[in-house]
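Chain residues, written in single-letter form:
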Amino acid sequence: MTKKRMLFIVLGLLLLINAGCSGSNESRNETKARAKTETASVKTAQGNDRLPNIRILATGGTIAGANQSKTSTTNYKAGAVGIDTLIEAVPEMKDIANISGEQVANIGSQNMTNKTLLKLSKRAAKLLASDDVDGIVVTHGTDTLEETAYFLNLVLKSDKPVVVVGSMRPSTAIGADGPANLYNAVKVAASKEAYGKGTMVVLNDRIAAARYVTKTHTTAPDTFKSEEMGYLGNIADGIYFHNDITKKHTKDTDFNISKINQLPQVDIIYGYQNDGRYLFDAAIKAGAKGIIYAGSGNGSVSDEAKKGAVAAVKKGAAVVRSTRTGSGVVTPNPDLEKENILASNSLNPQKARILLMLALTKTDDPKKIQSYFEEY
Ligand code: DGL
């Protein structure tokens, strides 16, 4: 072999080795890159699969409120911000759940009507029946939040968590409480422990049963209280459930939203010194099928109001005594029971109204209605 030929062979070999090496580097890199992408997509898919699917139904309220001033927490516009903005404001929710949202309404909750309540409840029921939804969060104005929450608690036929949430400071305020409340609500709705607890209300790091919670303060962020009956639990990074609700709810009630398309008119009459019967007469004339009397103390009814209540019962309406005191049980009163004037147990007037509307979709028998007030 000539020296020249040997040089060619060595060069050729070097080239081949080099080509082989670079070729395998390329494919190694490609494989690595592909592997990386695959791992990423597998991770994403698994991550998503592992997270619960939570649907947020937005209805408005302060949590979606906006104000010109960052320092003012009154006189803002409730229901000014849409569901997408609410979700974008709390991107951390996406680490704990697959979030999707829809706008059911965008109102101050003082404007919540039976029609919107039915629409919201029917939508929630439909979503809960789907395998693609693991839990629901409803954003809501705080003023009548407890009424919507209690209604959902009575008509939804599912064990999946339903959490109603609001805030006391508009989204534009310094120290807005909406984002933390919303994050916590999603956390509760996404948790396995929240199954079968009935509709819950989450604000201010507390988890309350819709049945027991009530708004107690006009402006303070810790307005929602469930002091007499206790909270279901609290949130301190983790979720801590302490109690279960003993009153019947969701799957154990006689009410199914899929069968309810209209609610009867039920009005609330406030008891006070020197009250009369004329508000009862007016309510009946305006079409009331039920009246809640927010009596003083243990549901006391003045002699004049009693005349109105008895007349209303004679016209076929259901009359239930509740209390304006804010807590405690309204106990049965034999004299008033004789007149078929019922007692609300521990339901405050606004929640007694919700239950009476539902009761009247089923029966006008006072005994049966009274049994609902004991059980729910
Ligand atoms: N108007 C009120 C409502 O939507 C705002 C109060 C609130 O959301 O806190 O209920």
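Not measured: the values here are computed from a predicted model.

Rules used throughout
Residues numbered from 1 in each chain as written. Predicted model: local features only at pLDDT ≥ 70, side-chain atom pairs only at ≥ 80, totals over all residues. Heavy atoms only, no water. Helix = DSSP H or I, 4+ residues; strand = E, 2+ residues; numbered from the N terminus. Axes fitted to C-alpha atoms, helices over the stretch in contact; angles between N-to-C directions. Parallel < 35°, antiparallel > 145°, perpendicular 65-115°, else oblique. Left-handed = near helix turned anticlockwise from the far one by under 90°. Contact = heavy atoms within 4.5 Å. Nonpolar A, V, L, I, M, F, W, Y, C, P; charged D, E, K, R; others polar. Polar contact = N/O pair within 3.5 Å; in protein donor to acceptor, adjacent residues only side chain to side chain. Core = buried A, V, L, I, M, F, W, Y, C linked by side-chain atoms within 4.5 Å. Buried < 20%, exposed > 50% of the residue type's maximum accessible area, 1.4 Å probe, protein only. Near = heavy atom within 4 Å. UniProt positions renumbered as here; feature names shortened; annotations may be inferred.

## As for unusual backbone geometry
- The phi dihedral of aspartate 205 falls on the positive side, at around 65°, and the residue is not glycine.
- You can see aspartate 205 is positioned in the loop between strand E5 (200–203) and strand E6 (206–209).
- Phi is positive for aspartate 237, which is not a glycine, with a value near 65°.
- Structurally, aspartate 237 is set in the loop between strand E9 (233–236) and strand E10 (238–241).

## Some remarks on the packing of helix H3 (residues 114–128) against helix H4 (residues 145–155)
- Relative orientation of the contacting elements H3 and H4 amounts to 45°, with a least axis distance of 11 Å. Judged by the angle between their axes, H3 and H4 are oblique. Handedness of the H3/H4 crossing: right-handed. In this structure, H3 contributes Leu117, Leu118, Leu120 and Ser121 to the contact, and H4 contributes Thr148, Phe151, Leu152 and Val155.
- Among the residues making up the contact of H3 with H4, the classes are represented as six nonpolar, two polar and no charged.

## Topic: the side chain of threonine 116
- By the element assignment, threonine 116 lies in helix H3.
- Within polar-contact distance, the side chain of threonine 116 engages the side chain of threonine 113 at 3.1 Å.

## Let's talk about the nonpolar core
- Core analysis: the largest hydrophobic core is formed by 49 residues, its most contacted members being Ile136, Phe151, Leu154, Val155, Phe255, Leu355 and Leu358.
- Breaking this core down by element, the ones donating at least two residues are H3, strand E3 (135–139), H4, strand E4 (162–165), E5, strand E13 (318–323), helix H9 (349–360) and helix H10 (366–375).
- Counting residues in each nonpolar core, the second largest holds 32 residues, with Ile99, Ile207, Leu232 and Ile245 among its members.

## Remarks on the site of the ligand
- Taken together, Gly61, Thr62, Tyr76, Gly108, Ser109, Gln110, Gly141, Thr142, Asp143, Ser167 and Met168 are the residues near the ligand.
- Within the contact set of the ligand, a nitrogen atom lies 2.7 Å away from a side-chain nitrogen or oxygen of glutamine 110.
- Aspartate 143 places a polar main-chain atom, nitrogen or oxygen, 3.0 Å from an oxygen atom of the ligand.
- The residue makeup of the shell around the ligand, split by class, is two nonpolar, eight polar and one charged.

## Overview of the UniProt feature "active site" (unreviewed entry) in the protein
- The UniProt record annotates "active site" (unreviewed entry) at Thr62 and Thr142. Taking the farthest pair of C-alpha atoms as the criterion, the annotated set spanning 81 residues converges on one region, since that pair is 7.4 Å apart.
- You can see threonine 62 is positioned in the loop between strand E1 (53–60) and helix H2 (83–88).
- With sequence-adjacent residues up to four places away left out, threonine 62 is seen in contact with Tyr76, Ala78, Gly141, Ser167, Met168, Arg169, Pro170 and Ser171.
- In this fold, threonine 142 is placed in the loop between E3 and H4.
- Its relative accessible area of 3% is what places threonine 142 among the buried residues.
- Aside from chain neighbours lying at most four places away, what touches threonine 142 is Ser109, Gly166, Ser167, Met168, Leu203, Lys215 and Phe224.

## Some points on the side chain of threonine 363
- With respect to the helices, strands and loops of the structure, threonine 363 is situated in the loop between H9 and H10.
- Taking the relative accessible area as the measure of exposure, threonine 363 reaches 17% and is therefore buried.
- One polar contact links the side chain of threonine 363 to the main-chain amide nitrogen of aspartate 365, over a distance of 2.9 Å.
- Residue contacts for threonine 363: discarding those within four places in its chain leaves Lys368, Ile369 and Tyr372.

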